[in-house]
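A look at the structure
Read off the chains here:
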Amino acid sequence: MHAAAGFVSRRSSADVLSEMSTLIDIRDLTVRIDLPEGPVFPVRNVSLSLEEGETVGLVGESGCGKTLTCLSVIGLLGRRASIESGSVVFQGVEIDPDDPDDKRRRSRGMGIIFQNPMTCLNPVRTLGWQVAEAYQIRTGESRRVAQRRATELLDLVGIPEPKRRAADYPHQVSGGQQQRAMIAMAIAGGPALLIADEPTTALDVTIQAQILDLLARLQREIGMGILFVTHDLGLVAEVADRMAVMYAGRVVELAPADALFAQPRHPYTRGLLTSLPFLDDDIDRLTPIEGTVPPLHAMPPGCAFAPRCSQASPICSTPPDLRASGDGLIACHHGLKTDTVAA
Amino acid sequence: MNLRYVSIKLLRAIFTLWLVVSFVFIVLRITGDPTEQLLPDDVGEEIREYYRILWGLDRPVWEQYLLYFKAAFQGDFGVSFRNSQPALDLIWQRVPKTVELGTATFVTALVFGIPLGVMAAIWRDSWIDRLTMSFAVFGFSMPNFFLGILLILLFAMNLRMLPSSGYGTWEHMVMPVFTLATAFAGAIARFTRSAMLDVLSKDYIRTAEAEGASMSRRVWLHAFPNAAVPVVTIVGFSLGGMIGGAVVTENVFAWPGVGRLLTSSVADRDLAIVQGIVVLVAITMVTANFLVDLAYGWLDPRIRLGSGGQSR
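Because the structure is predicted, anything quoted here is derived from the model rather than measured.

**Topic: the overall build of chain B**
Helix and strand counts for chain B come out as 13 helices and zero strands. Reading the helices (α) and strands (β) of chain B from amino to carboxyl end gives α-α-α-α-α-α-α-α-α-α-α-α-α. If you line up chain B on its principal axes, its C-alpha atoms span 85 × 60 × 30 Å. Relative to its 312 residues, chain B shows a buried fraction of 44%. Entry remark: accessible area of chain B is about 16,300 Å², with carbon and sulfur atoms responsible for 67%. Side-chain charges of chain B comprise 25 positive and 24 negative groups, with the mean position of each set lying 12 Å from the other.

And the structure:
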């Protein structure tokens, strides 16, 4: 896509040389929310990168900090949450959250889709208006060009009769079509990164598959990187190149998708996988993970998963760092033992 | 906007109108004899009886009622008991002056109320929010007559900047408009603020922010059209309060409009005039509500097009 290509060329040559293909680099990110009881840190020391054209699956339970991680990448934390420390480097240049130029750079270079398309689309504006606006803001094109482009985009995301649908309001089309329109808005103007925050959770299973196919096709055609956030491991298995598993605000395992599914190394990831129903599995019962996620204001000082972990030992009271293990990284003191147990 | 929707609204409007007119008609007939008010105390009973027959007050109330409606449908709202001129003409002469005052008030209130409410919502809990909300509370807790008198004291008596009463130049309008618009603008600002606060927290505003829409774009193109429905509602409702306020304000500032005619006619028991004005006010209110209903459909495609599935 032309706009994406234009983006690359705008960077200085030094950046291009040093970070040729890294699209987004989240470095040691900590997010703070001030509650009446005191500050909590729902995202802690998260480091995660995404190459151009790559799909990274970010998985974890509700409340593990995956959505806040996305929102801090695109700069939508709002007024209650803030970045406590760490940084986000986009296309080789660190983002300053307060710099209006960086704000523009971010909104041009990134698109985001959310869980519930019905509430994310403006009810009093037509689909065409909303897609055209996104295109117009990102590219600075005229309204007329944007309107024509909006119809093409609606067509691109697989909305039938795009010309007529462009005049429809969100409430007139189905949830699946709404999500397609959201995707059209997010990719209007050709951003280099698409953040998909639980994009299929609110949709029927058949529609889920269609949306996944659409995202995969768009990625092939446009070549954007996708940060795919979900709590559904089975879903992300189909699309992700690499996987990051988050637990209680930290990344606990980072590995190529194949490796992670073949041989999960972190006890939490293993717990997640055994709690999943796979059709080809020969088991009668799913094994839930015992216990619950510790509350934000009472995080244990060491490994947050230790209270629920069958392998926990005294060493788990010190926080584990992300270390290399097999093809990936895990944050667990018992990483090496994992190999023998899993094998 | 389908025909059924419009006709239901229309029928309801007519019913409301009938209810109001009937109520006022009956209340006016059972609360006293106009000849007591209008004729000198020393006139004889034959003369009173003569006027009762002239004005039709000798007939039973239900008969007067039917006759009134019959005439009203032919555009005849009776004659003034005071000078025998047709009531409709007398009222109609006053209407432009009240409309002038009302329009100026309406525009002033919108021009101040909406931006203030929007700003208060954007910068919630800031000084501008607190100032706007203090102004709003002041505005609609201050009785019109009191605010009017305070203004006269300050600007007419002490500063001698503005005429204290009367009609003619723009200077005559300043104080009456300010008096009336304060309460109206306060109510609009409050409702605009709460509607905007609600809308600004919606997911689609976050979507707009993600795509890089500027603050003014998000506020005026994304949020405000959604907040407009509750704002229009309160504007419609406030119209009733404004008409009431206009009666008081016209009297305070000796503004020669319908409001003053109403108070003097009530005092004199000039039934035809009072009834005519009540019908006029009721028609205004009913029309305003009808327009508000139409505006909903215009503002919100979910109302206009109905909900549910692919409609085409």
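**A few points about the sheet that holds strand β11 (residues 323-325) of chain A**
Residue and element names in this part refer to chain A. Read across the open sheet, the eight strands follow the order β6-β7-β8-β3-β9-β10-β12-β11; overall the sheet is mixed. Two strands in the sheet have a free side with no partner beyond their single neighbour: β6 (110-113) and β11. With direction set aside, neighbouring strand axes in the sheet form an average angle of 25°. In terms of strand pairing, β11 meets strand β12 (residues 328-330) through three bridges, oriented antiparallel. Residue pairing in the sheet places Ser325 in a bridge with Gly328 of β12.

**Thoughts on the interface of chain A and chain B**
Chain A puts 33 residues into the contact, and the matching count from chain B is 28 residues. In this assembly, chain A packs against chain B so that about 2,600 Å² is buried in total across both faces, 52% of it on carbon and sulfur atoms. Three residues stand out in chain A for area buried against chain B, namely Val124(A), His171(A) and Gln172(A), and they jointly supply 22% of the buried area on that side. Here chain A and chain B share one salt bridge between them. Residue Glu133(A) pairs with Arg217(B) through a salt bridge whose shortest N-O separation is 2.6 Å. Across the chain A-chain B interface, the total number found is nine residue pairs in polar contact (both at pLDDT 80 or more). Every element with two or more residues in the side of chain A that touches chain B is listed here: α3 (66-74), α5 (117-120), α6 (127-139), α8 (162-165) and α9 (175-187) of chain A. Here the side of chain A that touches chain B gets seven residues from one element, more than from any other, and that element is α6(A).

**Things to note about the domain arrangement of chain B**
Residues and elements named next belong to chain B. In terms of domains, chain B is made up of domain 1 (3-73) and domain 2 (91-305). For domain 1 versus domain 2, the distance between C-alpha centres works out to 32 Å. Listed per partner, the contact involves 21 residues of domain 1 and 16 residues of domain 2. Carbon and sulfur atoms make up 73% of the area that domain 1 and domain 2 hide from each other, which totals about 1,700 Å². On the domain 1 side of the contact with domain 2, Tyr5, Leu17 and Leu28 bury the most area, a combined 28% of that side's loss. On inspection of domain 1 and its partner domain 2, the count reaches one salt bridge. Between Asp293 and Lys9 there is a salt bridge; the shortest N-O distance is 3.4 Å. Here domain 1 and domain 2 share two residue pairs in polar contact (both at pLDDT 80 or more) between them. Put simply, the parts of the chain that give the side of domain 1 that touches domain 2 at least two residues each are α1 (3-30) and α2 (34-38). Top element by residues in the side of domain 1 that touches domain 2 is α1. It accounts for 13 residues.

Reading guide: rules and limits
- Residues numbered from 1 in each chain as written.
- Chains lettered and ligands numbered in written order.
- Predicted model: local features only at pLDDT ≥ 70, side-chain atom pairs only at ≥ 80, totals over all residues.
- Heavy atoms only, no water.
- Helix = DSSP H or I, 4+ residues; strand = E, 2+ residues; numbered from the N terminus.
- Buried < 20%, exposed > 50% of the residue type's maximum accessible area, 1.4 Å probe, protein only.
- Areas by Shrake-Rupley, 256 points an atom, 1.4 Å probe, with all protein chains shown as cover.
- Lys, Arg positive; Asp, Glu negative; His and termini not counted.
- Charge placed at Lys NZ, Arg CZ, Asp CG, Glu CD.
- Pairing = 2+ DSSP bridges.
- Axes fitted to C-alpha atoms, helices over the stretch in contact; angles between N-to-C directions.
- Contact = heavy atoms within 4.5 Å.
- Buried area = accessible area lost by both parts, 1.4 Å probe.
- Salt bridge = Lys/Arg side-chain N within 4 Å of Asp/Glu carboxyl O.
- Polar contact = N/O pair within 3.5 Å; in protein donor to acceptor, adjacent residues only side chain to side chain.
- Domains from an automatic or database assignment.

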